[in-house]
Amino acid sequence: MKIVVTGGAGFLGSHLCDKLLELGHKVVCIDNLLTGSEKNIEGLKNNPNFKFINQDVTEINQDDIDQIYHLASPASPNKNNPKSYMSLPFETMQVNSIGTWNLCEEALKRGAKFLFASTSEVYGDPLEHPQKETYNGNVSTTGPRSVYDESKRFGETIVSSFIRHKNLDGRIVRIFNTYGPRMPEDGRVVIEFVKAALQNKPFPVFGDGTQTRSFCYVLDLVEGIIAAMEKGSSGQIYNLGNPDEFTILDLAQKIKELTNSTSEISFADRLPQDDPKKRCPDITKARQSLGWEPKISLEEGLQKLIAHLKR
Ligand code: NAD
Ligand code: UDP
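Structure report, in brief. Each chain has its residues counted from 1, following the order in which its sequence is written. Here the convention is simple: chains get letters from A, ligands get numbers from 1, in the order in which they are written. Per-residue local features are limited, in this predicted model, to residues with pLDDT of at least 70; the limit for side-chain atom pairs, both in listing and counting, is 80 or more; totals at the level of whole chains, interfaces and linings are taken over all residues. Values reported for side chains reflect all heavy atoms of the structure, with hydrogen atoms and water molecules removed beforehand.

Going along the chain from the N terminus, every DSSP run of H or I of four or more residues is numbered as a helix, and every run of E of two or more is numbered as a strand. Across its full length, the chain carries eight helices and 13 strands. Against the globule reference of 19 Å for 311 residues, the chain gives a C-alpha radius of gyration of 18 Å, in line with a compact fold. For the chain, the C-alpha atoms occupy an extent of roughly 55 × 45 × 35 Å along the three principal directions. For every residue, the accessible area (1.4 Å probe, protein chains only) is compared with the maximum for its type, and the residue is labelled buried under 20%, exposed over 50%, or partly exposed between those bounds. Across the 311 residues that make up the chain, the buried fraction comes to 53%. Taking all contacts inside the chain whose residues are at least 6 apart in sequence as the whole, residues at least 24 apart take part in 78%. Of note, the chain has its 37 positive side-chain charges centred 1 Å away from the centre of its 40 negative side-chain charges. This radius of gyration counts C-alpha atoms alone. The globule rule is 2.2 Å times how many residues there are, raised to the power 0.38. The contact rule is simple, with two residues in contact once any of their heavy atoms fall within 4.5 Å. Here the positive residues are Lys and Arg and the negative ones are Asp and Glu; neither His nor the chain ends is included. Taken as the charge location is NZ of Lys, CZ of Arg, CG of Asp or CD of Glu.

What follows is the structure, encoded as structure tokens:
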């Protein structure tokens, strides 16, 4: 099959390209390198089944496509980092709205299957825990995270409308915090903490560190994304993530142990505005409908990431 991956030079997208090529597909990676890097796809450049096009998704024009995975979008909330969605508000709103609309049109014209990479952020600072796909979320429409949260929510509305009114063969995955090799240094917590630990610098904990997240290793996640495309039904939404939940202080402690670091906790900042206090996916639907669940524990995944960064 010929498959387009938007955001294919990014963290998740590059691992998805690897896996799709391994499965024998032809892959066209479309990426404008806004937050991604050609380094992530360096190993693929000589593969005759792989093509990289440096292009904005709002301009894509490809023939004979069987599937489109739409992953392009900045993904970090860290306002101090130039690659975060808070530093790229207009690009973020554009790629998730106009970009998604354009790609739905392209998929429809070519009879291609479509998958939209949405996010656990559509649940905002959730009042239901763990979060099921049926939960509608607790999201600010105007707060600093809204450029991401609300544009992903609108992206979901666009995809759902193309499915409902135009018969697009589409599905949505809501991805929860994912980590692993090739994570960009965009200020997200796992990479910040591992970097700090390897340099024996303090872990910059925002707030009191009791907020929780559930971290999924990238290779598990990629299998879930492909399962949603291959085994999922059109019109369905799937949470994809690891349901093991940790506080941010637990995460710092684990990374400290695994790196034998002397880093201490530094309570660097207040909890940023609208930062979710708890997050954990209910993945019952993905387990039952896709036969998918993560296999790699946080400890094992962190070991892999640390080994990769040391190399
Ligand atoms: P990333 O920043 O590494 O990758 C995003 C890629 O999209 C980059 O290569 C970037 O250059 C590209 N891009 C951005 N705007 C573009 C545009 N207009 N045209 C073409 N390319 C564009 O981020 P990631 O962590 O790999 O995230 C990938 C997707 O998964 C995003 O849609 C993100 O919202 C979603 N997601 C990721 C996580 C996570 O934990 N990694 C969690 C939830 C959702
Ligand atoms: N966080 C932190 N220190 C950092 C980066 C993040 O304490 O250097 C916290 C952040 O406030 C949030 C959690 O870690 O509560 C996860 O943040 P991340 O940026 O990875 O993504 P989010 O899950 O908020 O989208």
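Glancing now at unusual backbone geometry. With an omega dihedral of -10°, the bond running from H129 to P130 counts as a cis peptide bond. With respect to the element layout, P130 can be found in the loop between β5 (113–119) and α3 (146–166). Unlike most non-glycine residues, N200 shows phi in positive territory, near 50°. Summarising the element assignment, N200 is placed in the loop between α4 (189–198) and β8 (203–206). Judged by its relative accessible area of 42%, N200 is partly exposed. Even without being glycine, N260 reaches a positive phi, approximately 50°. By the secondary structure assignment, N260 is in the loop between α6 (248–259) and β13 (265–269).

Proximity is defined per residue: if any heavy atom of the residue lies within 4 Å of a molecule or strand, that residue is considered near it. Around ligand 2, the surrounding shell holds 18 residues, and the nearest of these are N177, P204, F206, R213 and D275. Polar contacts here mean pairs of N or O atoms no more than 3.5 Å apart (in protein, one a potential hydrogen donor and the other a potential acceptor; neighbouring residues in sequence count only if both atoms are side-chain atoms). E121 places a side-chain nitrogen or oxygen 3.4 Å from an oxygen atom of ligand 2. Taking N177, its side chain carries an N or O atom lying 2.8 Å from an oxygen atom of ligand 2. Here the Shrake-Rupley method, with its probe set to 1.4 Å, supplies the accessible areas, and only the displayed protein chains count as covering residues. For ligand 2, whose free accessible area comes to 510 Å², the fraction covered by protein is 95%. Looking at the shell around ligand 2, the elements that each hand over two or more residues are α4 and β8. Three classes are used, and their members are as follows: Ala, Val, Leu, Ile, Met, Phe, Trp, Tyr, Cys and Pro are nonpolar, Asp, Glu, Lys and Arg are charged, and the others, Gly among them, are polar. Residues of the shell around ligand 2, tallied by class, amount to eight nonpolar, three polar and seven charged.

For the rest of this paragraph, the subject is the site of ligand 1. Around ligand 1 sit 29 residues in total, of which D31, T35, L71, Y148 and K152 are the nearest. One of the backbone nitrogen or oxygen atoms of G10 is found 3.1 Å away from an oxygen atom of ligand 1. Contact with the protein chains hides 97% of the accessible area of ligand 1, taken as 820 Å² for the molecule alone. For the shell around ligand 1, the secondary-structure elements that each account for two or more residues are α1 (11–22), β5 and α3. Counting residues per element, the shell around ligand 1 draws most heavily on β5, at three residues. When the residues that make up the shell around ligand 1 are grouped by side-chain class, the tally is 14 nonpolar, eleven polar and four charged.

Further remarks concern helix α8 (residues 298–310). For a helix, the expected span equals 1.5 Å multiplied by the number of residues minus one. With 13 residues, α8 ought to run about 18 Å at 1.5 Å a step, and its terminal C-alpha atoms sit 18 Å apart, in line with that. If you check which residues of α8 are buried, you get L298, G301, L302, L305 and I306. The arc that holds every buried residue of α8, seen down its axis, measures 135°, which confines them to one face. As used here, the arc belongs to the directions running from the helix axis to the C-beta atoms.

So, about the nonpolar core. Residues belong to a common nonpolar core when they are buried Ala, Val, Leu, Ile, Met, Phe, Trp, Tyr or Cys residues joined through side-chain atoms within 4.5 Å. If you look at the biggest cluster of nonpolar residues, it comprises 57 residues, and the most contacted ones within it are L16, Y69, Y179 and V190. The element contributing the most residues to this core is helix α5 (residues 218–231), with eight residues.

Our focus in this paragraph is the pattern of salt bridges. By convention in these notes, a salt bridge is any Lys or Arg side-chain nitrogen within 4 Å of a carboxyl oxygen on Asp or Glu. Enumeration over the complete set of coordinates arrives at 20 salt bridges. With a shortest N-O distance of 2.9 Å, R182 and D18 are connected by a salt bridge. On the criterion of sequence distance, the pair formed by R182 in the loop between β7 (178–179) and α4 and D18 in helix α1 is long-range, its members being 164 residues apart. When its relative accessible area of 25% is taken as the criterion, R182 is described as partly exposed. Here D18 falls in the partly exposed class, since its relative accessible area comes to 22%. Note that E299 is salt-bridged to K254, the shortest N-O span being 3.3 Å. On the criterion of sequence distance, the pair formed by E299 in helix α8 and K254 in helix α6 is long-range, its members being 45 residues apart. A relative accessible area of 38% means that E299 is categorised as partly exposed. It is possible to trace a salt-bridge network through shared partners that takes in E121, R145, R213, D275 and R279.

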